[in-house]
Amino acid sequence: MQMDDSRIAMKEKLEFVGIIKEALKIPIKNPKFIFTILLTSFPLFCSLCLHETMFQRALIESLKSQADDPPPHEGSVISQAPYGDFVITFRSVRPTPGVFRGWICNFISGKLLVQSFTLLAIIHLFDLLNTIITVSTASAIYAQEKETLTKPFIENKVALFKGPLITSIYALLLNSLALVGLFTLSINIYVMWSAFTFFTLTYMLVFVALFTKYIEWSAVWNTGIVISILEQNKHGDVALGVSAYISRGSRKRGFLIMLVFFAWSFGLRLSSLCVGWQKGNVVIEVILAQACLDCLASVMKWVAFMIYFYDCKKRFIEKFDGSAEGKA
């Protein structure tokens, strides 16, 4: 259920800190919202626990098995230097890009990929369902409406799910393409790091630029998913296009929101892997804590992007009305 333009106009303009504060107020002041989200987040929580347990166990075992089998170093440079009555031979330890990519392919097993993609598909569906309920309920609370979206959601569950599903698939494909580009650049940087050259610096600059745009684009894609939930006649490329259009001039705030939650998720995953590596295997308590905090971050992220969307729409309406008055 979306707010009409008059209610949007009554809302104050918000900066990054203001959006986060408004997002925190919704669960704090509405216990029913917390209870609803706990119920809807449980399938996502269980699937995340299963995925992280399987993925991290396989990753740790693969890392340990490959620890004594580092990448081969074909094409390494051999140099010699005299030292008294001896001649010392030096061999570089930098693998060629082709050899390193082949080692990576052998390192990642096909079974691990199949399991990961299957679980990720299930997680995506549970996450989308949780996102729809979170954004819909939080929007009704933010609009200060007495009725909630429980009844409309039950009556129109197919229509309400179809639009966000299409938009999320678009966003997932774009997200995957950006991540493949970042992964490829990171491999090239790693391979060329020992012999730092102009090309290494170029790859690093391109990586930073692409990562910055990836965070900015992710904010646009997430806002598009919010639009497809709140405005059921907009989905897919239309929702993403509307998101890109109304967020012009507000990209910095979207960038900061996305950066905070990306850092949260990345930090949790890295911490869990470090603990598992030190212990020699996955620690169930750590996995449970990671999944719980991931679910919390997901809820707060979508509440924040819902508020961000309304703020972008308010600024767009004011700008449009101002330009119309100027022409008149």
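Heads up: the structure comes first, above all this text.
Since we're looking at a predicted model, the values are computed, not measured. (Residues numbered from 1 in each chain as written. Predicted model: local features only at pLDDT ≥ 70, side-chain atom pairs only at ≥ 80, totals over all residues. Heavy atoms only, no water.)

Undergrad: Give a detailed account of the overall build of the protein chain, specifying residues and quantitative values.
TA: Helix and strand counts for the protein chain come out as 11 helices and two strands. Each helix (α) and strand (β) of the protein chain, taken in turn from the N terminus, gives the series α-α-α-β-β-α-α-α-α-α-α-α-α. In the protein chain, which comprises 328 residues, the proportion classed as buried is 39%. Summarising the internal contacts of the protein chain: among those between residues at least 6 apart in sequence, 80% fall at separations of at least 24. With an accessible surface of roughly 18,800 Å², the protein chain has 68% of that area assigned to carbon and sulfur atoms. (Helix = DSSP H or I, 4+ residues; strand = E, 2+ residues; numbered from the N terminus. Buried < 20%, exposed > 50% of the residue type's maximum accessible area, 1.4 Å probe, protein only. Contact = heavy atoms within 4.5 Å. Areas by Shrake-Rupley, 256 points an atom, 1.4 Å probe, with all protein chains shown as cover.)

Undergrad: Lay out the packing of aromatic side chains in plain terms, naming residues and giving numbers.
TA: Scanning the model with the defined rule gives nine aromatic pairs in all. Relative to F262, the ring of Y214 lies with its centre 6.4 Å away and its plane at 80°, an arrangement referred to as edge-to-face. With Y214 in helix α8 (residues 198–230) and F262 in helix α10 (residues 251–279), this pair connects stretches of sequence that are 48 residues apart. Its relative accessible area of 7% is what places Y214 among the buried residues. Ring plane angle 35° and centroid distance 6.5 Å describe the contact between W217 and W221, whose orientation is recorded as tilted. Placement of both W217 and W221 in helix α8 is noted, with a separation of four residues, approximately one turn of the helix. (Phe/Tyr/Trp six-rings, centres within 6.5 Å; stacked < 30°, edge-to-face > 60°.)

Undergrad: Run through the environment of G163, naming residues and quoting values.
TA: One can find G163 in helix α7 (residues 157–192). Given a relative accessible area of 7%, G163 falls into the buried group. Sequence spacing of G163 and H235 is 72 residues, and the spatial spacing of their C-alpha atoms is 5.0 Å. Look past the residues within four positions of G163 in its chain and what remains in contact with it is S228 and H235.

Undergrad: Can you tell me about the side chain of S218, naming the residues and giving the values?
TA: Among the structural elements, S218 can be located in helix α8. If we ignore the near neighbours within four places in the chain, the residues touching S218 are N175 and M258.

Undergrad: Break down the environment of I26 for me, with residues and values.
TA: With respect to the element layout, I26 can be found in helix α2 (residues 16–29). Once the C-alpha coordinates of I26 and V303 are considered, the two residues, 277 residues apart in sequence, prove to be 8.3 Å apart.

Undergrad: So what's going on with the pattern of salt bridges? Which residues, and what values?
TA: Overall, the coordinates contain nine salt bridges when judged by the stated rule. Here R251 and E216 are joined by a salt bridge, their closest N and O atoms 3.2 Å apart. Within this pair, whereas R251 is found in helix α10, its partner E216 is found in helix α8, the two being separated by 35 residues in sequence. Residue E216 is classed as buried on the basis of its relative accessible area, which comes to 17%. Between D311 and R253 there is a salt bridge whose closest N-O contact spans 2.4 Å. Here D311, found in helix α11 (residues 284–327), pairs with R253, found in helix α10; they are 58 residues apart in sequence, far enough to count as distant. Connected through shared salt-bridge partners, E15, R253, D311 and R315 make up one network. (Salt bridge = Lys/Arg side-chain N within 4 Å of Asp/Glu carboxyl O.)

Undergrad: Lay out the environment of G254 with the relevant residues and their values.
TA: Tracing the backbone through its elements, the reader meets G254 in helix α10. A residue is classified by how much of its surface remains accessible, and G254, at 0% relative accessible area, is buried. For the pair G254 and Y308, spaced 54 residues apart in sequence, the C-alpha to C-alpha distance is 7.2 Å. Setting aside chain neighbours within four positions, we find G254 in contact with A219, F305 and Y308.

Undergrad: Give a description of the nonpolar core that names residues and reports values.
TA: Grouped together as the largest cluster of nonpolar side chains are 43 residues, with contacts concentrated most on I26, V226, V303, M306 and I307. For this core, the secondary-structure elements that each account for two or more residues are α2, α3 (31–67), α5 (110–142), α7, α8, α9 (237–246), α10 and α11. Sorting elements by how many residues they give to this core places α11 first, with 13 residues. Among the nonpolar cores identified, the runner-up in size contains seven residues, and C49, I123, I287 and C295 belong to it. (Core = buried A, V, L, I, M, F, W, Y, C linked by side-chain atoms within 4.5 Å.)

Undergrad: Tell me what's going on with the packing of α8 against α9, and back it up with residues and numbers.
TA: At their nearest, the axes of α8 and α9 sit 8 Å apart, and the two run at 120° to each other. Taken as axis vectors, α8 and α9 run oblique relative to one another. Judged by the twist between their axes, the crossing of α8 over α9 is right-handed. Contacts between α8 and α9 involve V220, W221, T223, G224, I227 and S228 on the former and, on the latter, A239, L240, V242, S243, A244 and I246. Broken down by class, the residue content of the contact of α8 with α9 amounts to eight nonpolar, four polar and no charged. (Axes fitted to C-alpha atoms, helices over the stretch in contact; angles between N-to-C directions. Parallel < 35°, antiparallel > 145°, perpendicular 65-115°, else oblique. Left-handed = near helix turned anticlockwise from the far one by under 90°. Nonpolar A, V, L, I, M, F, W, Y, C, P; charged D, E, K, R; others polar.)

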